[in-house]
Amino acid sequence: VLVGETGQPLMTQAFRKVGAVTTQLGLLQPDDWSAAAATNGDGSVVVGKSKFVAARWTAASGLVALPAVAGKTSSNAFDVSTDGKVIVGEASDGDSDTIVALKWSGAGLSPTIFGLGHPSSANGDGSVIVGGSIGDPPSAMLWDNSGAHVLKDLLGATSDLNGCPLIRWAVGVSDDGKFVAGYA
């Protein structure tokens, strides 16, 4: 399964391709554009955004907006857990200093805010989420049930990081949440 966007800038539409069949995923409003960012393990759930609203697509529901985050005017979904039950993204009120990392989960896909940051990826069941902090320079972050963690602090002293003063961004996490990919 391949997901993405096709079309001219600001006139794109999210798509899902399975084999030779491409499905346009639609728009939330007629003058919107949409983009697909990720799909779950079996390709049945696609997440992304339609203009400035985080969205989720399934064959049964079509493209639907994810629940709004109080006090925020825009949102974006970046990844979905392998099982399709947890969606990770961010929401903002237009100020880059107030971007919050969050997940949508549960029967109603209720948003839960982790704090300031930019999430990139979720593990298989959505219990471990990775991304980066807000700030200059950013720090790679890991969010789990016990809170927000700077990734380098979790790793402690290791010869793998000699000479590396900062891990800037985490971009992926294994299904079991034990391995994280990122860059310095």
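## Overview of the nonpolar core
Next, step 1: Counting residues in hydrophobic clusters, the biggest one holds 14 residues, and the most contacted among them are V47, L66, A77, I87, L102 and W104.
Next, step 2: Those elements that place two or more of their residues in this core are strand 8 (74-80), strand 9 (86-92) and strand 10 (100-105).
Next, step 3: Of the residues forming this core, the biggest block, three residues, is contributed by strand 10.
Next, step 4: With residues up to four places along the chain from it excluded, the contact list for L102 reads V69, I87, V88, G89, E90, A91, P111, T112, I113, F114 and P119.

## A look at the sheet that holds strand 4 (residues 34-39)
Next, step 1: Strand order across the open sheet formed by four strands is 4-5-6-7, with antiparallel pairing between neighbours. Strands at the two margins of the open sheet, each flanked by one partner only, are strand 4 and strand 7 (62-65). Shown here is a sheet whose adjacent strand axes are inclined to one another by a mean of 30°, direction ignored.
Next, step 2: Summarising the sheet, strand 4 and strand 5 (residues 46-50) pair through five bridges and their orientation is antiparallel. By the bridge assignment for strand 5, S34 is matched with S50.

## Points about the pairing of strand 14 (residues 140-144)
Next, step 1: The element strand 14 is extensively covered by neighbouring structure, given that four of its five residues are classed as buried.
Next, step 2: One ladder, built from four bridges, connects strand 13 (residues 129-132) with strand 14; its direction is antiparallel. Note on strand 14: the bridge partner recorded for V130 is L142.
Next, step 3: Relative to strand 15 (residues 147-150), strand 14 runs antiparallel, the two sharing four bridges. Bridging across to strand 15, L142 finds its partner in H149.
Next, step 4: Hairpin connection, strand 14 to strand 15: the antiparallel pair is bridged by two residues.

## Here we look at the environment of S120
Next, step 1: Within the secondary structure layout, S120 lies in strand 12 (residues 118-122).
Next, step 2: Through-space distance from the C-alpha of S120 to that of A59 is 24 Å; in sequence the pair is 61 residues apart.
Next, step 3: Once residues lying within four places of it in the same chain are set aside, the contact partners of S120 are F78, D79, V130, G131, W169, A170 and V171.
Next, step 4: A polar contact is formed between the side chain of S120 and the side chain of W169, at a distance of 2.9 Å.

## What about the sheet that holds strand 10?
Next, step 1: Across the sheet, four strands lie side by side as 8-9-10-11; this open sheet has antiparallel pairing. What marks the edges here is a single partner per strand, and that holds for strand 8 and strand 11 (110-116). Taken pair by pair, the neighbouring strands of this sheet meet at an average axis angle of 30°, ignoring direction.

## A word on a negative patch on the surface
Next, step 1: The grouping of D83, D125, D175 and D176 at the surface amounts to a negative patch.
Next, step 2: Its place among the elements puts D176 in the loop between strand 16 (169-173) and strand 17 (180-183).
Next, step 3: Relative accessible area serves as the criterion here: at 46%, D176 is assigned to the partly exposed category.

## Points about unusual backbone geometry
Trans peptide bonds make up most of the peptide bonds, and negative phi angles are found at most residues other than glycine.
Next, step 1: For K51, which is not glycine, the phi torsion reads 60° and is therefore positive.
Next, step 2: Tracing the backbone through its elements, the reader meets K51 in the loop between strand 5 and strand 6 (53-58).
Next, step 3: Since its relative accessible area comes to 27%, K51 is described here as partly exposed.
Next, step 4: Even without a glycine there, the phi angle at L109 is positive, about 50°.
Next, step 5: Among the secondary structure elements, L109 is positioned in the loop between strand 10 and strand 11.
Next, step 6: Look at L109 and you get buried, because its relative accessible area is 13%.

About the thresholds
- Residues numbered from 1 in each chain as written.
- Predicted model: local features only at pLDDT ≥ 70, side-chain atom pairs only at ≥ 80, totals over all residues.
- Heavy atoms only, no water.
- Core = buried A, V, L, I, M, F, W, Y, C linked by side-chain atoms within 4.5 Å.
- Buried < 20%, exposed > 50% of the residue type's maximum accessible area, 1.4 Å probe, protein only.
- Helix = DSSP H or I, 4+ residues; strand = E, 2+ residues; numbered from the N terminus.
- Contact = heavy atoms within 4.5 Å.
- Pairing = 2+ DSSP bridges.
- Axes fitted to C-alpha atoms, helices over the stretch in contact; angles between N-to-C directions.
- Polar contact = N/O pair within 3.5 Å; in protein donor to acceptor, adjacent residues only side chain to side chain.
- Patch = residues over 30% accessible without salt bridge, like charges linked within 9 Å, V, L, I, M, F, W, Y side chains within 5 Å.
- Areas by Shrake-Rupley, 256 points an atom, 1.4 Å probe, with all protein chains shown as cover.
- Salt bridge = Lys/Arg side-chain N within 4 Å of Asp/Glu carboxyl O.
- Lys, Arg positive; Asp, Glu negative; His and termini not counted.
- Charge placed at Lys NZ, Arg CZ, Asp CG, Glu CD.

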